[in-house]
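Structural description and commentary
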Amino acid sequence: DTGVSQDPRHKITKRGQNVTFRCDPISEHNRLYWYRQTLGQGPEFLTYFQNEAQLEKSRLLSDRFSAERPKGSFSTLEIQRTEQGDSAMYLCAGSTGTGANVLTFGAGSRLTVL
Amino acid sequence: TQLLEQSPQFLSIQEGENLTVYCNSSSVFSSLQWYRQEPGEGPVLLVTVVTGGEVKKLKRLTFQFGDARKDSSLHITAAQPGDTGLYLCAGELPNDYKLSFGAGTTVTVRA
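As a starting point, this report considers the structure included with it.

What follows deals with the overall build of chain B. Within chain B, the regular secondary structure consists of zero helices and eleven strands. Counting from the amino terminus, helix and strand elements in chain B follow one another as β-β-β-β-β-β-β-β-β-β-β. Here the C-alpha atoms of chain B give a radius of gyration of 13 Å, agreeing with the 13 Å that 2.2 N^0.38 yields for 111 residues. The 111 residues of chain B split such that 48% are buried. The contacts of chain B with a sequence gap of at least 6 include a subset with a gap of at least 24, amounting to 55%. Accessible surface computed for chain B: about 5200 Å², of which carbon and sulfur atoms make up 50%. With 9 positive and 11 negative side-chain charges, chain B shows a separation of 3 Å between the mean positions of the two kinds.

Printed below as a string of structure tokens:
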């Protein structure tokens, strides 16, 4: 148990549908990150929050993607009008923001867009 | 172009053999981390190195951070099937709050 929970673990959807993923970090995680990982690749940064503030978004994050962390605790990542190219593992990670920026990852949410 | 280049991309060895994975960049990092990931799971931290020239040992795993803090290596001695997985290096640039990952090295240790 890594302490970071992601839900759902798997999601299969049809192209054009909206999907939402949820991440629950541990309470000490001031920073929360979203990464995307495709098969055979390392995780690619999407966005991160310091408490409830979204401080950086990657250019990978098109306007179909939106992320929130309303009370500085859990976070959601929504993808609107999904495309087949959105199929990937979406990883959430938290860090305490002290010392070296060590990330604790959740198990990920795998999205398949048909 | 990736900030961190890992090599090799794939490595398949027999149980008991040694292996080395490399992580290179032209950028200087304030810290470099190694993670291991199993299929269907998130990456799990193995080690963090922060000082140029630093060497850390974790049982049969030895991690080195280059003197200039631009590169790193992971050496596994007497590999076991349980070492099988995707090994990822990740760097933290100065004054940046995110990690940039390499593409990973898939290690398979055959019994």
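A few words now on the side chain of Arg 69 of chain A. Residue and element names in this part refer to chain A. Within the element layout of this structure, Arg 69 appears in the loop between β7 (65–68) and β8 (75–79). Lacking a salt bridge, the buried Arg 69 has Glu 52 as its closest oppositely charged neighbour, with an N-O distance of 7.1 Å. A polar contact of 3.1 Å, which involves the side chain of Arg 69, links it to the backbone oxygen of Asn 51.

Facing the 21 residues of chain A at the interface are 21 residues of chain B. Of the roughly 1600 Å² buried at the junction of chain A and chain B (both faces included), carbon and sulfur atoms supply 53%. For the interface between chain A and chain B, the tally reads two salt bridges. Residue Glu 41 of chain B is joined to Arg 9 of chain A by a salt bridge in which the shortest nitrogen-to-oxygen separation is 3.9 Å. Counting every contact that joins chain A to chain B gives ten residue pairs in polar contact (both at pLDDT 80 or more). Of all elements in the fold, only β4 (31–37), β5 (44–50) and β9 (88–95) of chain A reach the threshold of two or more residues within the side of chain A that touches chain B. At four residues, the largest contribution of residues to the side of chain A that touches chain B is made by β4 of chain A. Partitioned by chemical class, the residues of the side of chain A that touches chain B number twelve nonpolar, six polar and three charged.

Simply put, the disulfide is a covalent bond whose two ends are the sulfur atoms of two cysteines. Residue and element names in this part refer to chain A. The final tally for this structure, using the stated rule, is two disulfides over all chains. Through a disulfide, Cys 23 is tied to Cys 92; the S-S separation comes to 1.8 Å. Across the disulfide from Cys 23 to Cys 92, rotation about the S-S bond amounts to roughly -65°, and the bridge is consequently left-handed. Residue Cys 23 is located in strand β3 (residues 19–24), and its partner Cys 92 is located in strand β9; the two are separated by 69 residues in the primary sequence.

Before going further, it helps to examine the packing of aromatic side chains. Throughout the structure, instances matching the rule amount to twelve aromatic pairs over all chains. Both rings, one in Phe 105 of chain A and one in Phe 101 of chain B, keep their centres 5.9 Å apart while their planes meet at 70°; by these two values the pair is edge-to-face. Separated into two different chains, Phe 105 of chain A in strand β10 (residues 104–105) and Phe 101 of chain B in strand β10 (residues 99–101) make up a pair that spans both. A residue is classified by how much of its surface remains accessible, and Phe 105 of chain A, at 1% relative accessible area, is buried. Relative to Phe 101 of chain B, the ring of Tyr 35 of chain B lies with its centre 5.6 Å away and its plane at 50°, an arrangement referred to as tilted.

Residue Pro 8 of chain A is bonded to the preceding Asp 7 of chain A through a cis peptide linkage, with omega at -5°. Considering the arrangement of structural elements, one finds Pro 8 of chain A in the loop between β1 (5–7) and β2 (10–13). The residue after Ser 7 of chain B, namely Pro 8 of chain B, is reached through a cis peptide bond having omega -10°. As for its position among the elements, Pro 8 of chain B is in the loop between β1 (5–7) and β2 (10–14). Its identity is not glycine, yet Ala 78 of chain B carries a phi of approximately 50°, on the positive side. Counting through the fold element by element, Ala 78 of chain B comes out in the loop between β8 (71–76) and β9 (85–92). Positive phi outside glycine occurs at Asn 95 of chain B, with the angle close to 60°. Position of Asn 95 of chain B among the secondary structure elements: in the loop between β9 and β10.

What counts as what
- Residues numbered from 1 in each chain as written.
- Chains lettered and ligands numbered in written order.
- Predicted model: local features only at pLDDT ≥ 70, side-chain atom pairs only at ≥ 80, totals over all residues.
- Heavy atoms only, no water.
- Helix = DSSP H or I, 4+ residues; strand = E, 2+ residues; numbered from the N terminus.
- Rg over C-alpha atoms; globule rule 2.2 N^0.38 Å.
- Buried < 20%, exposed > 50% of the residue type's maximum accessible area, 1.4 Å probe, protein only.
- Contact = heavy atoms within 4.5 Å.
- Areas by Shrake-Rupley, 256 points an atom, 1.4 Å probe, with all protein chains shown as cover.
- Lys, Arg positive; Asp, Glu negative; His and termini not counted.
- Charge placed at Lys NZ, Arg CZ, Asp CG, Glu CD.
- Salt bridge = Lys/Arg side-chain N within 4 Å of Asp/Glu carboxyl O.
- Polar contact = N/O pair within 3.5 Å; in protein donor to acceptor, adjacent residues only side chain to side chain.
- Buried area = accessible area lost by both parts, 1.4 Å probe.
- Nonpolar A, V, L, I, M, F, W, Y, C, P; charged D, E, K, R; others polar.
- Disulfide = S-S within 2.5 Å.
- Phe/Tyr/Trp six-rings, centres within 6.5 Å; stacked < 30°, edge-to-face > 60°.

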